[in-house]
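Notes for the structure review
If you want the building blocks of each chain, they are given just below.
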Amino acid sequence: MTDPDRLLRIERVGRFFPAHEQLRRRYDSESRQLAVDVSSRQAFLAWRRKTRDHLRRISGVDALCPAPPEARVTESVRCDGYVRQRVEIQTEPAVVMTMYVLIPDDMRHGQRRPAVITPHGHGSGGKLSVVGRTDIPAIADSVREYNYAYGHRFAQRGLVVFAPDARGWGERREPVRQVETEDHFKRGSCAELNFVAISLGLSLSGMYAFDLMRLIDYIQSRPDCDPDRIGCAGLSGGGHQTLWLAALDERIRAAVISGYFYGSRESLLDKNDNCACNYVPGLWQAVDMGDMGALVAPRPLLIEAGDRDPLNGASGLENVRSQVEIAGAAYRLLGADANLVLDIRRGEHQWFGDLAEPWLVDRLTKA
């Protein structure tokens, strides 16, 4: 019950004067100034070059400094069908990316296998949920709720899997200042990092993409991975990371984005309590997610969406389809219609994988 004495300490506001509606009007008048140009193949290629350069600049990718990976394997554990290694690499000077690398048991000496990067989303404990660490009770809950262990399944299907911790997640979290709880353990420090990054001309989205680009460098240096057959697949925040990476780096030959491909107005401006990692200064003035999807064309891209996912926004699947149609215009122009797939599933916010997993394996093994 409300303490009557507490009500005496405030003044009831009879009318509010919020600014959100003005921001919506501004979005409507200023968004997508770099919308995909499909007037001709030449125009599209010029747009792609210009837009990638712009996104690298506003996200801060170009302001970051690459460093030699100096890879270290610190642990090897035998699992069901593969060996799970814990690996550290350096992405920027003194910036370490922690990850699990899953190496299938049937690898032959000297063989180079296709590889897949499997970024995680929120509430995952970083890389732990993606590789199915159900021996940790809190992670077992996430794996059950979101069908999270897609990295584990890709390894069982024969791909070499790289499951990294994103900045601010897992072993890369900013240290907590009190006793760590289960909530701290499973969640990240996105807001703390992005507030500081934006003030330094950077962004967390840009740092995510930069780190994953450095991971590609490392994958291409390994003797067990085919440098020309690298994919990326992720759920939610992992879809966010996959979208940015595939849009900016053509070394990703095929991608799956699950639970993260919708119009920004409904799903990020109106639902503005989403995680801080989604926000990049000037992004919406330049492009929407469909335009970023167009940057992936003509490479294979599968969009997975739950029909009851609340993150789709007020119009639900129409907000997803609108962005797929924007990307689809680029795929049609390039004669690659079949390479863009929208897979709608019955369910809420989760990884489904029924089509996505065999589809990605097929695209990478036949590439």
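Up top is the structure these notes are about.
A few points on the structure.

Quick notes on the rules
Residues numbered from 1 in each chain as written. Predicted model: local features only at pLDDT ≥ 70, side-chain atom pairs only at ≥ 80, totals over all residues. Heavy atoms only, no water. Phe/Tyr/Trp six-rings, centres within 6.5 Å; stacked < 30°, edge-to-face > 60°. Helix = DSSP H or I, 4+ residues; strand = E, 2+ residues; numbered from the N terminus. Buried < 20%, exposed > 50% of the residue type's maximum accessible area, 1.4 Å probe, protein only. Lys NZ or Arg CZ within 6 Å of the ring centre and 35° of its normal. Pairing = 2+ DSSP bridges. Right-handed = clockwise from strand over helix to strand, strands pointing away. 1 Å grid on protein atoms, 1.4 Å probe; cavity = no way out; pocket = protein on both sides within 12 Å on 5 of 7 lines; lining within 4 Å. Points joined across faces, edges and corners; volume = space filled by probe spheres on them. Nonpolar A, V, L, I, M, F, W, Y, C, P; charged D, E, K, R; others polar. Contact = heavy atoms within 4.5 Å.

Evaluation of the coordinates by the stated rule reveals nine aromatic pairs. The interplanar angle of 80° and the centroid separation of 6.3 Å between the aromatic rings of Phe-154 and Trp-351 together place this pair among those described as edge-to-face. With Phe-154 in helix H6 (residues 150–156) and Trp-351 in the loop between strand S9 (340–345) and helix H15 (356–365), the pair connects residues that are 197 residues apart, well separated along the chain. Among the residues examined, Phe-154 registers a relative accessible area of 0% and is labelled buried. On the accessibility criterion, Trp-351 (0% relative accessible area) is buried. Counting every residue linked through ring pairs, the aromatic cluster contains Tyr-146, Tyr-148, Tyr-150, Phe-154 and Trp-351. Against the face of Tyr-100 rests Arg-84, its NZ or CZ located 5.0 Å from the ring centre. Over the ring of Tyr-100 we find Lys-127, and its NZ or CZ is 5.2 Å from the ring centre.

Moving on, we come to the pairing of S9. Both strand S8 (residues 301–306) and S9 contribute to a ladder of six bridges, which runs parallel. Residue Gly-306 lies in a different strand from S9, and its bridge partner there is Arg-345. Note on the crossover from S8 through helix H14 (residues 317–333) to S9: the handedness is right-handed.

The subject of this paragraph is empty space enclosed by the protein. For the structure shown, the criterion picks out four cavities of 30 Å³ or more. Roughly 90 Å³ of volume is contained in the largest cavity. Forming the boundary of the largest cavity are 14 residues, of which Trp-244, Tyr-260, Leu-283, Met-289 and Met-292 lie nearest the centre. Mapped onto the lining of the largest cavity, the elements with two or more residues apiece are helix H10 (237–248), helix H11 (264–269), helix H12 (283–286) and helix H13 (289–294). Of all the elements, H10 adds the most residues to the lining of the largest cavity, at three residues. Split into classes, the residues belonging to the lining of the largest cavity amount to nine nonpolar, four polar and one charged.

Our next topic: H15. Here H15 has its buried residues at Ala-356, Glu-357, Trp-359, Leu-360, Val-361 and Leu-364. Where the residues of H15 are buried, they touch strand S4 (113–117), H6, strand S6 (225–235), strand S7 (252–258), S8 and S9.

Among the five residues in strand S5 (residues 160–164), five count as buried, and that is most of the element. Burial of S5 is two-sided: the residues Val-160, Phe-162 and Pro-164 facing one way and the residues Val-161 and Ala-163 facing the other way are all buried. Pairing of S4 with S5 involves three bridges; the strand directions are parallel. Bridged to Ala-115 within S5 is Val-160.

As for its placement among the helices and strands, Pro-114 is situated in strand S4. Separated by 113 residues in sequence, Pro-114 and Pro-227 have C-alpha atoms that sit 7.9 Å apart. Excluding its chain neighbours within four sequence positions, the residues that come into contact with Pro-114 are Leu-159, Val-160, Asp-226, Arg-229, Leu-364 and Thr-365.

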